[in-house]
Structures are given as C-alpha cells and as structure tokens.
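# Fold and contact review
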Amino acid sequence: MDGAAQREDLRLKADVVIVGSGAGGGIAAEVLSQAGLDVLIVEEGALRSSSDFRLSEAKAYPELYQESAARQTADKGITILQGRTVGGGTVVNWTSSFRTPPDTLDWWRSQHGLTTLSEEQMLPWFEKAEQRLGISPWEAQPNANNLVLERGCQSLGWRHARIRRNVRGCWNLGYCGMGCPVNAKQSMLLTCIPGALDKGARLLSRARVDSLNVDASGQRVVGLKVSLLSADGVNPSGRVASVSARHVVLAAGAIGTPAIMLRSGLIDHAGLTGKRTFLHPVSLSAALMPERVEPYNGAPQTVYSDHHMHTQPLDGPLGFKLEVPPIHPLLASATFPGWGVEQSALLKRFPHLHATLALLRDGFHPDSRGGAVKLRGDGSPVLDYPLNDLIWDGLRRSWLAMAELQFAAGAKMVLPLHEQSRPATSWRQARDMIAALPLAALQAKLVSAHVMGGMAMGGDPARGVVDDAGRHWRWRNLTVVDGSIFPTSIGANPQLSIYAFAWRAAVRLAAALTSDAH
C-alpha cells in the first residue's frame, strides 16, 4: 500500500505493527510473519527497486535518504547520513558487516547489567544473520582506494584486515550508497521484506508515524496515529491512517524511534528516552596519490584498521577505526573544505583522490555521553550532539594518524577535512598544521552514518529504557529492534549487530505472542 495513492483515510489492524523497515524492522517482519502472526510494516519512505537506482547522486539522495542526505546535528557540526526508503539504511549502506566487538559486549555486561549478552550467547544470532544475508569475506582484490589504506598499514606495521560484506554476485560497481541496481546487495528490500510479504505481511509506505496511542489504563500501547504522505514523500497528503495492534515494534532508527516516543509523551520512568544517543563521529583526510585511485569505482569498503581502537583502555581516550569511503562528486563538493577556484582545482584531480575516515568509538569514557534527541516546534526530530574536549582530542589524533598513514602509502599531498587546513606535502608539515587547527564545529568537516542509543538496553529500569530483548520496561507490549537499543556505540559498523539483536528479540517475541494466542 502506497500512502501517497490513498484517496481515503485508512483503518488497519494487525497482531504486530512494525514501524520502520530497515535492518531491525526487516528482520523482525520476516521472523514474526513466519511464526504465523499478522504483521503490518509502516515505512516513512517510498518503495523503490533496482530499476529506480540509476547511480545518480542527484536522484538518490532526495529519494533514499533522510533530509536528502543533509540531516545535521542541532549546531550543524555533524552531517548524518540515514536511509529513508523501504529497506532503510540497508538499501544505501556500503555493506560493511562486523559482529559486535567482544569488548563492547563485555562492557555492556559489566556496566549496564546485560548479563545475558556474552560473545558465546550472541554467536548463534550472528551466524543466522550472516547465512540469511550472504555476509562473507570479500575475496576479490580491494579497489585502489582501499589498497591505499592497506599499503599504509603494512608500511607502518599497523594491524589491519579485510571487511566482510553482505553481497551475492556483486558487480563491484562502487555506487552502493545510491542503491544497488543489480540486486547484489542483500538488503532488507531484497531479502527479509519480500520474505515477510510472502508469508502474508502487509507494507504501508510513504506513511509517517506521528504518535502512539495507549489504553485508558496507560499500561498498554494499542496503536498508531499515522500521516500519509504525498508523492514527494515529505509533506502530508491530508489523509491519515489509524492502526491498532496487539504489539508495537519500533524500528525507526536511533533518531526516529525516540522521536516517536517523545511526540507521544511516553517517557520511561528514569527519563532516559532520547538520551545517550551516539554517532561514531567521523573525521576525514583526503590525499592525492601518484597513481589513479578512481575512488568511485569498486567495492567501497574492503579494508579496515583497528590499530587505534584496541591499543588503549576502553574507557580511556577515544579510540577510532580507520576505513575508506567511496568518493562521488556531489558529497565531495559539500564535504571537502574550500570553494570556488580552490575546491575546483582539487576536484579536477578526482581520479587521483583518496580519502581515509576515522570512526570514533564513543560512549565508554565518563565524559563521552553522546547527544540527545529533541523535537522541533513542528514535531520533527533533531539530535543535539555537543562536541567536548574528549571528542576533539580524538579527532585531532585521528587526523594525525590518517595523515601519517597516507604519506606512508605514497601520498604526494594530504589535506585533513577542515576549513582552515592547507595541503601538506610531507608528514612533518601535516603534523605541524594539524596541531594548529582550531577545534570548532563547522570548521572541522564531520560526518556520521551510524546512529545508536536513545532507547538503551539496561539490566533494570533505572539503567535502561528496554530490557535485553528490546521489550520496554514500562510498556511491555512495545519492543524496540533498531540501533537505539545499544547502551554505547558499537565501535564498528552497526548493521550486523542490529540484525543479530533484532533476530534474537523477534524470536522471543514470536514465542510470547503465539503462546498468548493459544
């Protein structure tokens, strides 16, 4: 059902309504529908397919991303990339697949009371997701962009490895962020959502959930208020949908899910809803290589380095993971420093351009408290994410590490992405320049594609919004299965973690609901 095509208001009923169709929502939909439950998926974005994916930034960003890939934190200091389409972020991510790091699980057990989340206990859920979604080592040669990272690590003796990807029959195009036109990426659009529909689930797209309804006792969530959207996928059409359900599953992402709770006035007893939302703040460093890198061609991410993440205490200075982003002209021009003739001169050398990114692991140090999801006057969400001294220290160290690596890999010029940086032609020159860069929002060019927390799991209601299976501590017929349940950042690309935790939660929920039915 396309919300934009409806000419009358809708009244819908289901055993389970799932809000959001990304990594968590897609997994939950398939598991619950396979258990014989009547499932309705409600998705804000439109239903697109491979024939709509034209490898065009100008087409992909407004159609497939929140706020046309220009969502920002409250101070505009960090640009946030989030999917907004049937399949969510799994349609537009770069397919990198990591299990939740063991030290992260250890921390959640010791600090957040999540005693059941050991590496051994989570292993079967990771394995199920990996088998279902084609997650396996990337056997092909990394593209030239990723080989820069690998070569630099080898030269410096830094630990590095290859990245597993969730693809089958990949054509190695390099445009994963714009949707896969050959159906190689094993996204929810291609796998679990069709699987759920085959079992009788229904899908309502271009439909924005305004709020949740509770019963007169205030103890149960009984349904949703939904605005149907017009063909632009942004503005309400004037039509609405009223949905009633035995159980509500929220999977609208770590900004969208807390926002729904806040709009509904449904705050947990400890007041943690929307708090401790983490981003993996990402810094970047560009480099000009003597060889043609063609950073737009080939699988986007196939090499990583955790050298700077596991060489200090988990609760010490922020560690970071090094990876490589693909580079395409529109996002590059919006992200790279400078403008006019200065930026044009850099972009003219596009085939020789390389970038490394550093993904900061936030949420473990006492001063790493993340941000908070808040509501604007019109009810739309915004993430307030203060950048404190701890984060700035990690960002400066990451620029230094990336510059050193790029010169070790043979770079002729390195340019940290900061408005006041200048091209450096030696490691010593880069080191001196980076030491002098002012640490301020809007000066540093920061991005993130990983949003976590805001509806965190905890061993009891004082430490979390939901339990270890995503069930809300206060409204027990409400379950959360997206990245908002994580008490800290993951310290790795989170999609596989979301898959595994959602599968675990959905199996438990299916057992409970089918038992209740009998």
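Computed from a prediction, not measured in an experiment: that's the story for all the values here.

Procedures and definitions
- Residues numbered from 1 in each chain as written.
- Predicted model: local features only at pLDDT ≥ 70, side-chain atom pairs only at ≥ 80, totals over all residues.
- Heavy atoms only, no water.
- 1 Å grid on protein atoms, 1.4 Å probe; cavity = no way out; pocket = protein on both sides within 12 Å on 5 of 7 lines; lining within 4 Å.
- Points joined across faces, edges and corners; volume = space filled by probe spheres on them.
- Nonpolar A, V, L, I, M, F, W, Y, C, P; charged D, E, K, R; others polar.
- Pairing = 2+ DSSP bridges.
- Helix = DSSP H or I, 4+ residues; strand = E, 2+ residues; numbered from the N terminus.
- UniProt positions renumbered as here; feature names shortened; annotations may be inferred.
- Axes fitted to C-alpha atoms, helices over the stretch in contact; angles between N-to-C directions.
- Parallel < 35°, antiparallel > 145°, perpendicular 65-115°, else oblique.
- Contact = heavy atoms within 4.5 Å.

### Re empty space enclosed by the protein
For the structure shown, the criterion picks out five cavities of 30 Å³ or more. In this structure, the largest cavity encloses a volume near 120 Å³. For the lining of the largest cavity, the class distribution of residues is 10 nonpolar, four polar and two charged. Quantified by volume, the second largest cavity comes out at close to 70 Å³. Counted by class, the lining of the second largest cavity contains six nonpolar, two polar and one charged residues.

### Some details on the sheet that holds strand β8 (residues 164-166)
Spatial ordering of the open sheet is given by β5-β8-β6, a layout of three strands whose pairing is antiparallel. Each edge of the sheet is formed by a strand with only one pairing partner; in this case those strands are β5 (96-97) and β6 (135-137). With two bridges joining them, β5 and β8 adopt antiparallel strand pairing. Note that in β8 the partner of Ser97 across the bridge is Arg164.

### Side note on the UniProt feature "domain: Glucose-methanol-choline oxidoreductase N-terminal" (unreviewed entry) in the protein
Here the UniProt feature "domain: Glucose-methanol-choline oxidoreductase N-terminal" (unreviewed entry) sits at residues 63-282. Taken as a whole, residues 63-282 contains 29% helix and 24% strand, while its terminal C-alpha atoms sit 24 Å from one another.

### A few points about the packing of helix α6 (residues 144-156) against helix α11 (residues 389-408)
Two elements in contact, α6 and α11, have axes whose closest approach is 8 Å; the angle formed by their N-to-C orientations is 90°. The angle between the axes of α6 and α11 places the two elements in the roughly perpendicular class. On the side of α6, the interface is formed by Val148, Leu149, Gly152, Cys153, Ser155 and Leu156, while α11 contributes Glu404, Leu405 and Ala408. Its residues assigned to classes, the contact of α6 with α11 shows six nonpolar, two polar and one charged.

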